[in-house]
Amino acid sequence: DLALREVLLEENVAGRFGHVVLGSGDGLFADPVSRLGRDGVHVTVVANRWSLSRRLELAAAAVVYFDGPLPPVTPAALRPEAA
């Protein structure tokens, strides 16, 4: 996440792209997405509704919700051998 955020902030993304699709709900991307929007880049965020930061949702030009079911958390799923 930090490497991608750095690219969005430090590289000339707005000069190279007119549309960016970000697959994350992390609020850490709200500022870079907002900046891209101010620079004329249309940013679409793809995220689960239940894990999408409100700040990121507001910063994006569009949001596509990818709502899959949450995996069940059981004691067996928490054991290392289950992974």
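Preceding block: the structure.
Calculation rules
- Residues numbered from 1 in each chain as written.
- Predicted model: local features only at pLDDT ≥ 70, side-chain atom pairs only at ≥ 80, totals over all residues.
- Heavy atoms only, no water.
- Helix = DSSP H or I, 4+ residues; strand = E, 2+ residues; numbered from the N terminus.
- Buried < 20%, exposed > 50% of the residue type's maximum accessible area, 1.4 Å probe, protein only.
- Areas by Shrake-Rupley, 256 points an atom, 1.4 Å probe, with all protein chains shown as cover.
- Pairing = 2+ DSSP bridges.
- Axes fitted to C-alpha atoms, helices over the stretch in contact; angles between N-to-C directions.
- Right-handed = clockwise from strand over helix to strand, strands pointing away.
- Contact = heavy atoms within 4.5 Å.
- Polar contact = N/O pair within 3.5 Å; in protein donor to acceptor, adjacent residues only side chain to side chain.
- Phe/Tyr/Trp six-rings, centres within 6.5 Å; stacked < 30°, edge-to-face > 60°.
- Lys NZ or Arg CZ within 6 Å of the ring centre and 35° of its normal.

Visitor: Account for the overall build of the protein chain, naming residues and giving values.
Guide: Looking only at helices and strands, the protein chain features five helices and three strands. Starting at the N terminus and walking to the C terminus, you meet the elements of the protein chain as α-α-β-α-β-α-β-α. Counting across all 83 residues of the protein chain, residues that qualify as buried make up 27%. Working note: accessible area of the protein chain is about 5,600 Å², and carbon and sulfur atoms make up 56% of it.

Visitor: Could you give an account of the sheet that holds strand β3 (residues 62-65), naming the residues involved and the relevant values?
Guide: Paired through backbone hydrogen bonds, the strands of a sheet run either parallel or antiparallel to each other. Strands sit in the order β1-β2-β3 across an open sheet of three strands; the sheet is parallel. At either end of the open sheet lies a strand with only one pairing partner, and these are β1 (19-22) and β3. With direction set aside, neighbouring strand axes in the sheet form an average angle of 20°. Alignment of β1 against strand β2 (residues 42-47), held across four bridges, turns out to be parallel. The partner of V20 across the bridge, within β2, is V43.

Visitor: Explain the pairing of β3 residue by residue, including any values.
Guide: Two strands pair when backbone bridges link them, and β2 and β3 are joined in this way by four bridges, in the parallel orientation. Note on β3: the bridge partner recorded for V46 is V64. As for the winding sense of the linkage, the β-α-β connection from β2 through helix α4 (residues 54-59) to β3 is right-handed.

Visitor: Quick rundown of helix α3 (residues 30-38)? Include the residues and the values.
Guide: All of the buried residues in α3 are A30, P32, V33 and L36. Residues of α3 that are buried make contact with α1 (2-10), α2 (13-16), β1, β2 and α4. Immediately beyond the C-terminal end of α3, within one or two residues, lies G40, with a positive phi of roughly 90°.

Visitor: How would you summarise the side chain of T44 if you had to cite specific residues and measurements?
Guide: Relative to the helices and strands, T44 is located in strand β2. Judged by relative accessible area, which is 9%, T44 ranks as buried. Polar side-chain contacts of T44 include one of 2.8 Å to the side chain of H19. Ignoring anything within four residues of it in the chain, the contact list for T44 reads H19, V20, V21, L22, A62 and V64.

Visitor: With reference to specific residues and values, describe the packing of aromatic side chains.
Guide: On inspection of all chains with the given rule, the structure shows zero aromatic pairs. Sitting above the plane of the Y65 ring, R49 keeps its charged end 3.8 Å from the centroid.

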